[in-house]
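Given next are the chains, with one letter for each unit.
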Amino acid sequence: MAMPTILIIEDEQELVRVLRSYLEQAGFNVLSALRGDTGLTTWESSKPDLVILDLNLPGIDGLDVARAIRRKADTPIIMLTARVEETDRLIGLELGADDYVTKPFSPREVVARVRAVLRRSGGEGRSTKLIRVYDLEIDLEAHSVVRDGKEIDLTPTEFVILETLAGQPGRVFSRLQLLETTQGSTYEGYERTIDAHIKNLRGKLELDPKNPRYVETVFGVGYRMPKP
Ligand code: CA
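Being a predicted model, the structure only gives us computed values, none of them experimental. (Residues numbered from 1 in each chain as written. Predicted model: local features only at pLDDT ≥ 70, side-chain atom pairs only at ≥ 80, totals over all residues. Heavy atoms only, no water.)

Turning our eyes to something else, we now look at the environment of Leu136. Counting through the fold element by element, Leu136 comes out in strand β7 (residues 136-139). Taking C-alpha positions, Leu136 is 20 Å from Leu178, a pair spaced 42 residues apart along the chain. Those residues in contact with Leu136 that sit more than four places away from it in its chain are Ile131, Val145, Val146, Arg147, Ile152, Leu162, Leu205 and Tyr214. (Helix = DSSP H or I, 4+ residues; strand = E, 2+ residues; numbered from the N terminus. Contact = heavy atoms within 4.5 Å.)

Rendered as structure tokens:
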């Protein structure tokens, strides 16, 4: 089989250099562009097997690059995002990006994602809205959580809480914020109901609910999923 070609569109030269070296070592052909517009031109002329796309780019911004690619082809896209760019990331997934990696990331992780996305895109039907964090695979469309190939059965509320925490690892959410995501409206008196949901969620998710690994209590503030 021919070596898959990966196009990196990213304006941080050092990042491009590191990713290129890891991807080449992993056996990929690597092309790169430092701007959105030149990235798009390179994409058109080279038809890569996968695009690694930064969101903040000179020329054309990453979301517009993703849109332009999607208008013409279903080339798999992995987005590189900063944590503050949550909204952009969601828009990106809606636009049809296949996966995203949050900066700062390890190049190894990116290589693993590239392999996984290529595997999926070569196989039957691609899943387009996926959060992968630790060993969890959270499918936002199917509302499923899978670990080690086994589905973890969550209630819709537990799922939304997990989705929120996992969407921004490291960020602390107050009970009120979590309540808002689960109900769309807030009643301060019910903030503590979040504790009950978290307890159930831990019961299903954590190997040792007394020493939670995925959902951490931040005393006096709320909950967070620690950055992996
Ligand atoms: Ca950038």
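Attention now moves to the sheet that holds strand β2 (residues 29-33). Strand order in the open sheet made by the five strands is β2-β1-β3-β4-β5, with parallel pairing throughout. If you trace the sheet from one side to the other, it starts and ends with β2 and β5 (99-103), each paired once. This sheet shows a mean twist of 20° between the axes of neighbouring strands, independent of strand direction. Its contacts with the sheet place helix α1 (residues 13-25) against β1 (5-9), β2, β3 (50-54), β4 (77-82) and β5, and it is angled at close to 165° to β2. (Pairing = 2+ DSSP bridges. Axes fitted to C-alpha atoms, helices over the stretch in contact; angles between N-to-C directions.)

In this model, helix α6 (residues 156-167) (twelve residues) spans 16 Å end to end at C-alpha, consistent with the 16 Å of a helix rising 1.5 Å per residue. Burial within α6 is extensive, with nine of its twelve residues counted as buried. Of all the residues in α6, the buried ones are Glu158, Phe159, Val160, Ile161, Leu162, Thr164, Leu165, Ala166 and Gly167. (Expected span 1.5 Å × (residues − 1). Buried < 20%, exposed > 50% of the residue type's maximum accessible area, 1.4 Å probe, protein only.)

When a metal holds four donors in a tetrahedron, each ideal angle between them is 109.5 degrees; when it holds six in an octahedron, the ideal angles are 90 or 180 degrees. The coordination sphere of the calcium ion contains the protein donors Asp11 (OD), Asp54 (OD) and Asn56 (O), at a distance range of 2.1 to 2.4 Å. Of note, the donors binding the calcium ion are all from one chain and are spaced D-x42-D-x1-N. Residue Asp11 is found in the loop between β1 and α1, and its partner Asp54 is found in strand β3; the two are separated by 43 residues along the sequence. (Donors = N, O, S within 2.8 Å, 3.2 Å for Na, K, Ca; no water.)

Mapped onto the secondary structure, Glu10 falls in the loop between β1 and α1. Residue classification places Glu10 among the buried positions, given a relative accessible area of 0%. Engagement of the side chain of Glu10 in a polar contact is seen with the backbone nitrogen of Glu12, the distance being 2.9 Å. One polar contact links Glu10 to Lys103, side chain to side chain, over a distance of 3.1 Å. Ignoring any residue separated from it by four or fewer positions in sequence, one finds Glu10 in contact with Leu15, Val16, Ala33, Leu34, Asp54, Leu57, Leu80 and Lys103. (Polar contact = N/O pair within 3.5 Å; in protein donor to acceptor, adjacent residues only side chain to side chain.)

Per the domain assignment, the segments of the protein are domain 1 (5-122) and domain 2 (130-224). The gap between the C-alpha centroids of domain 1 and domain 2 is 28 Å. The interface of domain 1 with domain 2 comprises eight residues on the first partner and nine residues on the second. Between domain 1 and domain 2, roughly 770 Å² of surface is buried when both sides are summed, and carbon and sulfur atoms account for 36% of that area. The interface formed by domain 1 and domain 2 holds one salt bridge in total. The salt bridge involving Arg132 is made with Asp99; its shortest N-O contact spans 2.7 Å. (Domains from an automatic or database assignment. Buried area = accessible area lost by both parts, 1.4 Å probe. Salt bridge = Lys/Arg side-chain N within 4 Å of Asp/Glu carboxyl O.)

Given two aromatic rings, their pairing is described by the distance between the two centres and the angle made by the two planes. One pass over the full model with this rule turns up one aromatic pair. One Lys or Arg, Lys47, reaches over the ring of Trp43 and ends 4.7 Å from the middle of that ring. (Phe/Tyr/Trp six-rings, centres within 6.5 Å; stacked < 30°, edge-to-face > 60°. Lys NZ or Arg CZ within 6 Å of the ring centre and 35° of its normal.)

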